[in-house]
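So the chains spell out like this:
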Amino acid sequence: MNEIKIFSPGTVANVSCGFDVMGFCLDNVGDEMVIRKVDQKGIRITKIEGFDLPYEADKNVAGISALAMYNALDLDFGFEIEIYKKIKPGSGIGSSAASAVGSVFGMNELLNRPFNKTQLTEFAMKGEAFISKCEHADNIGPAIFGGFILAKSVSPLQILEIPFPEDLYATIIHPQIEIKTADARGLLPTEVALQDAIKQWANLGGLVHGLHSGDYEVIKSALHDVIVEPHRSKLIPHFQEVKEAAIHAGAVGSGISGSGPSIFSLCKGLERANEVKAAIEAIYSKTGIEYDIHVSKINSKGIKILN
Ligand code: ADP
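Being a predicted model, the structure only gives us computed values, none of them experimental.

Turning next to the packing of helix H1 (residues 61-71) against helix H2 (residues 95-110). Closest axis-to-axis distance for the H1/H2 pair is 7 Å, and the angle between their directions is 35°. Crossing hand, H1 versus H2: right-handed. Of the residues in H2, those in contact with Val61, Ala62, Ser65, Ala66, Met69 and Tyr70 of H1 are Ser96, Ser99, Ala100, Ser103, Val104, Met107 and Asn108.

Written out as structure tokens, the structure is:
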């Protein structure tokens with residue numbers, strides 16, 4: 001096999017109380033990529049459709065992660081990468097992570113899988129680090145492992161896969177404004193009050209337990225972020241209204257997806273997720289701001305081969 005086509009999924013990082021450590025994988029939102037083995041040595045990006053992004057391998061996250069893997073091997077051939085982007089860069093639903101993951105996953109398949117999922121995560125994190133200036137796995141991890149993950153530690157990398165209820169769905173609104181992860185990070189406090197830290201780690205523990213046991217009441221009581229959301233939500237137009245409408249329509253919780261501007265809501269069942277979608281649209285359709293809205297089952301498989 002010399003060529004592989006893949007679906008690289010969008011992901012929701014942070015999940016309210018799990019800033020920088022928690023993430024989950026989406027089912028029907030994602031990019032397509034083609035990875036090809038070629039005689040010429042090195043990594044080349046030969047096609048990008050959908051959005052205007054750099055072709056230089058060392059400036060595009062897909063190329064940076066591919067180079068990290070390529071340089072760890074001693075190969076007498078190279079790879080070409082084609083990127084068919086559906087997730088807008090800067091959306092907060094893991095656009096850069098989808099690209100970073102796609103190239104290394106595809107190369108690994110063409111090489112007959114010399115690397116495991118944790119190693120692929122490490123290579124892909126090099127691409128993400130280029131954008132956000134720090135290594136984190138809360139988008140990369142769920143894209144590679146699927147489902148919900150807790151990035152327990154970055155060095156050494158430890159990804160924990162968290163079981164979650166079968167009927168868990170996400171509704172995601174993506175207002176068409178751009179917030180760069182690097183800018184959103186600049187708003188964060190450098191110190192946190194102990195009382196806030198206590199609330200946050202109680203919530204994160206509660207969220208993990210609620211997901212494990214499938215207890216929606218516990219998930220609902222845990223999906224709060226007292227540290228990051230109060231600062232970052234200021235960058236997202238109509239955030240509070242959306243959150244209140246989603247919860248009123250039956251979402252178990254709602255928060256900023258990644259560094260925004262997308263907002264996620266978690267719901268029990270498809271029907272409820274669609275009701276939440278309608279409630280959010282009722283607000284956003286009046287704002288004059290363009291938006292996309294998605295309803296997705298939590299994707300338990302992660303990145304996948306299309307051919
Ligand atoms: P997101 O959460 O959507 O990934 P980020 O702000 O983390 O948003 O990343 C988007 C930034 O990464 C943009 O500045 C974009 O130009 C840059 N970038 C470089 N290569 C890629 C790529 N292949 N896909 C998406 N963004 C990329």
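Once the structure has been displayed, the description carries forward.
We now examine the UniProt feature "domain: GHMP kinase N-terminal" (unreviewed entry) in the protein chain. Per the UniProt entry, the sites bearing "domain: GHMP kinase N-terminal" (unreviewed entry) are residues 69-147 in this numbering. Annotated as 52% helix and 9% strand, the span residues 69-147 places its first and last C-alpha atoms 24 Å apart.

What follows covers the pairing of strand E7 (residues 168-175). As a general feature of sheets, a regular strand has side chains that alternate between the two faces. Counting buried residues along E7, eight of its eight residues qualify, which places the element largely inside the surrounding structure. Note that E7 and strand E9 (residues 263-268) share six bridges and pair antiparallel. Note on E9: the bridge partner recorded for Leu168 is Lys268. Pairing analysis gives seven bridges linking E7 to strand E10 (residues 291-297), with the strands arranged antiparallel. Within the sheet, the bridge partner assigned to Tyr169 lies in E10 and is Lys297.

One open sheet accounts for four strands, arranged E8-E9-E7-E10; its pairing is antiparallel. Taken across any chain shown, the strands that pair with only one partner, and hence form the sheet edges, are strand E8 (253-256) and E10. Neighbour-to-neighbour, the strand axes of the sheet open up by a mean angle of 20°, direction not taken into account. Packed onto the sheet, helix H9 (residues 239-248) meets E7, E8 and E9 and runs at close to 160° relative to E8.

On to the site of the ligand. For the ligand, the set of nearby residues contains 17 residues, the closest of which are Asn60, Gly90, Ser96, Ser99 and Thr181. In this structure, Ser96 approaches the ligand through a side-chain N or O atom, which is 2.6 Å from an oxygen atom. Ser99 has a polar side-chain atom sitting 2.9 Å from a nitrogen atom of the ligand. Taken by itself the ligand offers 570 Å² of open surface, and the protein chains cover 89% of this.

For the rest of this paragraph, the subject is the environment of Ser96. Of note, Ser96 is situated in helix H2. For the pair Ser96 and Pro156, spaced 60 residues apart in sequence, the C-alpha to C-alpha distance is 22 Å. Every residue in contact with Ser96, bar those within four places of it in the chain, is listed here: Val61, Glu128 and Ile131.

The subject of this paragraph is the packing of aromatic side chains. With the rule as written, the count across this model stands at seven aromatic pairs. Relative to Phe79, the ring of Tyr70 has its centre 6.4 Å away and its plane inclined at 90°; by these criteria the two rings are edge-to-face. Of the two residues, Tyr70 and Phe79, neither departs from the other in class, the shared state being buried. Note on Phe115 and Phe123: the rings are 4.9 Å apart at their centroids and 75° apart in plane angle, and the pair reads as edge-to-face. Judged by its relative accessible area of 13%, Phe123 falls in the buried class. Taken together, the ring pairs in this structure connect Phe24, Phe148, Phe164 and Phe264 into an aromatic cluster. When the ring centre of Phe77 is taken as reference, the NZ or CZ atom of Lys37 above it lies at 5.0 Å.

The rules we used
Residues numbered from 1 in each chain as written. Predicted model: local features only at pLDDT ≥ 70, side-chain atom pairs only at ≥ 80, totals over all residues. Heavy atoms only, no water. Axes fitted to C-alpha atoms, helices over the stretch in contact; angles between N-to-C directions. Helix = DSSP H or I, 4+ residues; strand = E, 2+ residues; numbered from the N terminus. Left-handed = near helix turned anticlockwise from the far one by under 90°. Contact = heavy atoms within 4.5 Å. UniProt positions renumbered as here; feature names shortened; annotations may be inferred. Buried < 20%, exposed > 50% of the residue type's maximum accessible area, 1.4 Å probe, protein only. Pairing = 2+ DSSP bridges. Near = heavy atom within 4 Å. Polar contact = N/O pair within 3.5 Å; in protein donor to acceptor, adjacent residues only side chain to side chain. Areas by Shrake-Rupley, 256 points an atom, 1.4 Å probe, with all protein chains shown as cover. Phe/Tyr/Trp six-rings, centres within 6.5 Å; stacked < 30°, edge-to-face > 60°. Lys NZ or Arg CZ within 6 Å of the ring centre and 35° of its normal.

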